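Chain residues, written in single-letter form:
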Amino acid sequence: MATAPQKGKVVKRGESKPRFVLGSIVKIFMKNFLTYNVCEVYPGPNLNLIVGGNGTGKSSIVCAICLGLAGKPSFLGRADKVSLFVKEGCLKAIVEIELFKSPDNIIITREIYVVNNTSVWFINGKPATLKMVEEQIAALNIQVDNLCQFLPQDKVGEFTKLSKTELLEATEKSIGSPEMYQFHCELKNFREKERELENLCREKTTSLEKMKQRVERYKQDVERYHECKRHVDLIEMLKKKRPWVEYENVREQHEEVKQCRNQVKKELKCLKKMQIPWAKKIQEAEENIKNLDMKTRDNTAETRNISQKCKEKQDALERKDKEIEEINQAFRMKKDEEANRQKKLYQTQRIIQEWQNELDTEAVCENLQPQIDAVNTELKKLREERANIDNDISDLRAEKNNLEREAKRIIDRLGQLNNIMHMKEENLKMRFQDTHSALMWLRNNRDKFKKRICEPMMLEINVKDSRHAKYVENHISSNDMRAFVFECQEDMETFLVEVRDHQKLRVNAVCAPSESCAENLPSRPIEELHQYGFYSYLRELFDAPPPVMSYLCYQYHVHNVPVGTQKTRDMIERVIQEANIRQMYTMEEKYVIKISAYTNQKISSNTCLQEAQYLTSSVDTEERRQLENQQQDISSTLKSLDARLTALFDRQKLLDHKDNKLRQEKKELLERGNRRRQLESKIAVKYDSLRQLEHDAIDLEKEFQLANVKIKEINKQKAELVTELMHLIERIVPLNVEKVNLAFQMTRVTAEKNRLQSECKAGTEQLRAAQQRFHELDNRKHLLYEKCTELMKQGRHVCRLGPDQDFPKEFQVAFQTLPNTLEEIDAFLNEEKTRASCFAGLSASVVEEYNKQTQEIQQLTEYLEEKKNELNNYKQNISQVKEKWLNLLKVMIEQINEKFSKFFSSMQCVGEVDLHMENEGMDQMNQRRVFEMVVETACKKRTSQYFLITPKLLQNLTYNDKMTVLFVYNGPFMLDTYKWNIKRFKRRQQYLSSMTES
């Protein structure tokens, strides 16, 4: 069969008038199925040899046969959904199988829809159900699920794994008569049922014996239960009588306490009458005490009021004394002030005289102006140099401040980068604890290695943009992401011996290539791929140390894997065909393109990208390196600035010293010229001060007289205050006397009250004791009454009596035979409980279980007898069916053995041949023998229809005219049908044959 890429046509070789047997395939039609757009296949009635190169569509014909004959996708071992057999880009596929049947063939059509993964069936053009199709196929004894009838390429391994039993059943279904397989199935069912019945009878017999033994044990327990029941009933009756006996005891106590209470109540009444006179006298004493207390409070209030006024007068006298002291103090200050004025007056006159003498002796002032001008010139030069230095210092300080701010910014940024690195290390520790432990050991032992060792790649790789992390992680295996990278093989071996062998850590390590690949150039510039939406190669999306980058370029070719956009995904078919790229990335997918070894056709596979896990937090190593370099530059610059500032400050100090010296020199020159004018001016000022001092003289006599006048007036006011104070003292003396008398009266009356209370105390204590005794008896009476009521309720509750129900006679009769005291009842109750405890573990369920088990034994005996009869019937049926099945099976085995011996004789072999295959097929000699055996078997008269599929054939094989050879010639790399030249093919075959013979 030769086909073009779009539509196929069959070329067949065989009989002109084929003779098909029932159920043979006459025609296969496919549309939009797997590799075909449209294809028709016309098989022959005997052996159909389907030949074609890999990938041309041979398996598509096999799939069409299976699915068109109601087979499931799982029979083929390729896909689990029927919709996956529809050609890519199509929504619907059609498979049509025409089966031979007299008088009219059967045409089964299956339409497969991608949407919802559904199929629609037709029989002879009429709609049908899957069940109807399966019934038609089963009637023709077609079994696509039987590996002895239908053996796809992907099911060969499953066929070889069939057990002997499964292979026997498959053989029976394939070549045996329907009755034989039916007898086999019945025999298996009968045998399964027989085993079930045997197991059931065995189990039931064992259960019956156990039940009989259990009933014997129950019989003794039942007798013990009845004896225990008698003790329990007696215990219950004792428990019912006990609250009534206890009630009677408490009732008698209640009557005794009630009588005592009434007697104490009479005594209490008499004592209260005897206490009335004493209480009256004590009350009168308390009234007197109350009146005296009120008078005392009034006296105290008036005394306190007068005392307050006396204190006010005394305070006023103290203030007047203080005023007199202030007047005297002011006069003393006037005297001191006048003395100071006299002293200053003398000193001023003396200073004026000294300055006048100095002025008289002062010579005429010399000309000092040239010297002053020279000093001014030097000061001007110093000021200019000082200004320049100040400007330089200001500029250097500003530059230093800017550098310090920049240094702080760099430190903050490095801190952020170090924090990101810490996060990555925590991620490593959480995911790969052993790798983190090895990292900690490496950092402390780097001196043991010769060359540089890179930490795990997930720490060393820094993605420039977090959105690109998923590309890098999906491209590099997780094992390498946590691997250490070494530049020296010896270092790697030393490291692995330590961490793997000694520390028992599971870590990965790789060695970078001896020649660096980090700078390898891509196969072509990325600009050439911009038209397909690619914007960068994978290497440009991240930074890594040279050893890591060299390893990734060598192992993963990251320098040659482009990364694209949605535009790339939208035109992916064109990219695959034109761009000649082996691996590439779109926004969400990874594509791998391979070239078929048979067809040179490009085969692509794509996978969705997983979200990044390791590189979501990346450190820009280039930025970090630049920041560290900047930090070093700034540090050295700051040191240089500090040195320059120190030199300027030293120069500034020197200029300040010179400036101070020149100013002092100028000051001395100016003072020498201005000394006479200064003296004259100072003398004039001192004369003004002298006149002011003479004017400010104080008249002490006048001040003394004024002070005496003020003191006399104050003494007059003091005399009036003393008179008022004496009147107040005269008023307060009688009040104090009265207060003393009231205190004496209070003491006398209080003593009288205490005497009366002492005399009354004995009777009061007797009364109090009687009251306490009465309360105690009254409380006890109430408690006993409540207890009687509670015991009455308890007794009625125990005996299950209603509120108004009389005490039953049967209880009265039963209670008469029982003890009448609590002690006797408790002793008898404990004795019966002890006896009942000897029957522990028994309950009413023992009797129920005994009766139930007796009934179940009867039922199980009847059921067991019934199942034994049923088992005997099954054994008879098995014998009959087994004889029929064995007769048919012997005939089939004889036929198989005869053909088996003949097949192996034709192959020049004897006995059982067991062939194990791994990757190759059979050798050429056995291929030829098996092929000839298949041709001979399948091309006999009235044999079944066979399909044999192979990608290649040996030369000079034996063929038969009844064979049909189907050439599958499909695909874009095959020779076009219009270019076929049959004559040339024959000439070439003749030439090759002659070459072989020679």
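Residues numbered from 1 in each chain as written. Predicted model: local features only at pLDDT ≥ 70, side-chain atom pairs only at ≥ 80, totals over all residues. Heavy atoms only, no water.

Bringing the overall build of the chain into the picture now. Broken down by element type, the chain carries 23 helices and 21 strands. A separation of at least 24 residues holds for 74% of the contacts in the chain among residues at least 6 apart in sequence. By element, 50% of the accessible surface of the chain is carried by carbon and sulfur atoms, the whole surface being about 64100 Å². (Helix = DSSP H or I, 4+ residues; strand = E, 2+ residues; numbered from the N terminus. Contact = heavy atoms within 4.5 Å. Areas by Shrake-Rupley, 256 points an atom, 1.4 Å probe, with all protein chains shown as cover.)

A separate point is the sheet that holds strand S21 (residues 964–967). The sheet built from three strands is open, its strands ordered S20-S5-S21 with parallel pairing. This sheet does not close on itself; its edge strands, each paired only once, are strand S20 (946–950) and S21. The sheet shows a mean angle of 20° between the axes of neighbouring strands, taken without regard to direction. Lying over the sheet, helix H1 (residues 58–68) contacts strand S5 (47–51) and S20, oriented at roughly 150° with respect to S20. (Pairing = 2+ DSSP bridges. Axes fitted to C-alpha atoms, helices over the stretch in contact; angles between N-to-C directions.)

For the rest of this paragraph, the subject is the packing of helix H9 (residues 433–444) against helix H13 (residues 489–502). Between H9 and H13, the shortest axis-to-axis distance is 11 Å and the interhelical angle comes to 130°. Here H13 runs oblique to H9, going by the angle between their axes. Seen along the crossing, H9 lies across H13 with a hand that is right-handed. For the pair H9 and H13, the contacting residues are Ala438, Trp441 and Leu442 in the first and Phe495, Glu498 and Val499 in the second. Looking at side-chain class alone, the contact of H9 with H13 contains five nonpolar, no polar and one charged residues. (Parallel < 35°, antiparallel > 145°, perpendicular 65-115°, else oblique. Left-handed = near helix turned anticlockwise from the far one by under 90°. Nonpolar A, V, L, I, M, F, W, Y, C, P; charged D, E, K, R; others polar.)

This next bit is on the pattern of salt bridges. Counted by the stated rule, this structure contains 28 salt bridges. With its nearest N and O atoms 3.4 Å apart, the salt bridge here joins Asp390 to Arg386. Separated by four residues within a single helix, Asp390 and Arg386 lie in helix H8 (residues 369–431), roughly one turn from each other. You can call Arg386 partly exposed: its relative accessible area is 28%. (Salt bridge = Lys/Arg side-chain N within 4 Å of Asp/Glu carboxyl O. Buried < 20%, exposed > 50% of the residue type's maximum accessible area, 1.4 Å probe, protein only.)

With that settled, consider the sheet that holds strand S12 (residues 483–486). Sheet architecture is open: three strands sit in the order S10-S12-S13, paired in mixed fashion. Unpaired on one side and paired on the other, strand S10 (453–454) and strand S13 (508–511) mark the two borders of the sheet. Bridge analysis of S12 against S13 gives four bridges, and the strand direction is parallel. Across the sheet, the residue bridging to Phe486 is Cys511, located in S13. Against the sheet, H13 contacts S12 and S13, and its axis sits at roughly 170° relative to S13.

Core analysis: the largest hydrophobic core is formed by 52 residues, its most contacted members being Ile461, Phe495, Leu538, Phe542, Leu552 and Leu615. A per-element tally of this core places helix H14 (residues 546–556) first, with six residues. Contact partners of Ile461, with chain neighbours within four places excluded, come to Lys424, Val472, Ile476, Phe542, Asp543, Ala544, Val548, Leu552 and Leu615. Counting 37 residues, the second largest nonpolar core, distinct from the first, contains Ile25, Trp121, Ile142 and Val968. (Core = buried A, V, L, I, M, F, W, Y, C linked by side-chain atoms within 4.5 Å.)

The next point concerns unusual backbone geometry. Between Ser102 and Pro103 the backbone carries a cis peptide bond, its omega angle lying at 5°. Although it is not a glycine, Asn116 sits at a positive phi angle of roughly 65°. With respect to the helices and strands, the residue Asn116 is situated in the loop between strand S7 (106–113) and strand S8 (118–123). Accessibility expressed as a relative area gives 68% for Asn116, which makes it exposed. Positive phi values are uncommon outside glycine, yet His557 reaches one of about 55°. Note on placement: His557 falls in the loop between H14 and strand S16 (562–563). For His557, a relative accessible area of 43% puts it in the partly exposed group.

When pLDDT is averaged across the chain, the result is 78; 81% of the residues are at 70 or more. Note that residues 908–920 has pLDDT below 50 and, in this model, seven contacts with residues that lie over four places away or in other chains. (pLDDT = per-residue confidence, 0-100.)

A few words now on the packing of aromatic side chains. Scanning the model with the defined rule gives nine aromatic pairs in all. Taken together, a centroid distance of 4.9 Å and an interplanar angle of 55° make the contact between Phe484 and Phe495 tilted. Within this pair, whereas Phe484 is found in strand S12, its partner Phe495 is found in helix H13, the two being separated by eleven residues in sequence. Like Phe484, the residue Phe495 is buried in the burial classification. Cluster of aromatic residues (ring-pair linked, three or more members): Trp441, Phe449, Phe484, Phe486 and Phe495. (Phe/Tyr/Trp six-rings, centres within 6.5 Å; stacked < 30°, edge-to-face > 60°.)

This brings us to a nonpolar patch on the surface. Taken together, Val722, Met726, Ile729, Val733 and Val737 make up a surface patch of nonpolar side chains, about 400 Å² in accessible area. Topologically, Val733 is positioned in helix H18 (residues 700–798). (Patch = residues over 30% accessible without salt bridge, like charges linked within 9 Å, V, L, I, M, F, W, Y side chains within 5 Å.)

A separate point is the environment of Lys408. Examined against the element boundaries, Lys408 turns out to sit in helix H8. As for Lys408 and Gln631, which are separated by 223 residues in sequence, their C-alpha atoms are 9.4 Å apart.

Applying the stated criterion across every chain, the model contains zero disulfides. Of the cysteine sulfurs around Cys63, a residue in no disulfide, the closest is that of Cys66, at 7.4 Å. (Disulfide = S-S within 2.5 Å.)

Our next topic: H9. Over its twelve residues, H9 extends 17 Å from the first C-alpha to the last, a length consistent with the 16 Å expected when each residue adds 1.5 Å. Taken as a whole, H9 has its buried residues at Thr435, His436, Ala438, Leu439, Trp441 and Leu442. (Expected span 1.5 Å × (residues − 1).)

To continue, consider the side chain of Thr109. In this structure, Thr109 sits in strand S7. The class of Thr109 is buried, set by a relative accessible area of 9%. A polar side-chain atom of Thr109 sits 3.2 Å from a polar atom in the side chain of Glu96. (Polar contact = N/O pair within 3.5 Å; in protein donor to acceptor, adjacent residues only side chain to side chain.)

Let us look at the environment of Ala512. Positionally, Ala512 belongs in the loop between S13 and strand S14 (536–537). Each C-alpha atom of the pair Ala512 and Cys553 lies 9.9 Å from the other, and the pair is 41 residues apart in sequence. Once residues within four sequence positions are removed from consideration, Ala512 is found in contact with Val485, Phe486, Pro547 and Tyr551.

So, about the environment of Trp121. Tracing the chain through its elements places Trp121 in strand S8. When its relative accessible area of 5% is taken as the criterion, Trp121 is described as buried. With 25 residues separating them along the chain, Trp121 and Glu96 place their C-alpha atoms 9.9 Å apart. When residues no more than four places from it in sequence are discounted, the contact partners of Trp121 are Leu67, Gly68, Ala70, Ile108, Thr109, Arg110, Lys126, Pro127, Ala128, Leu130 and Val133.

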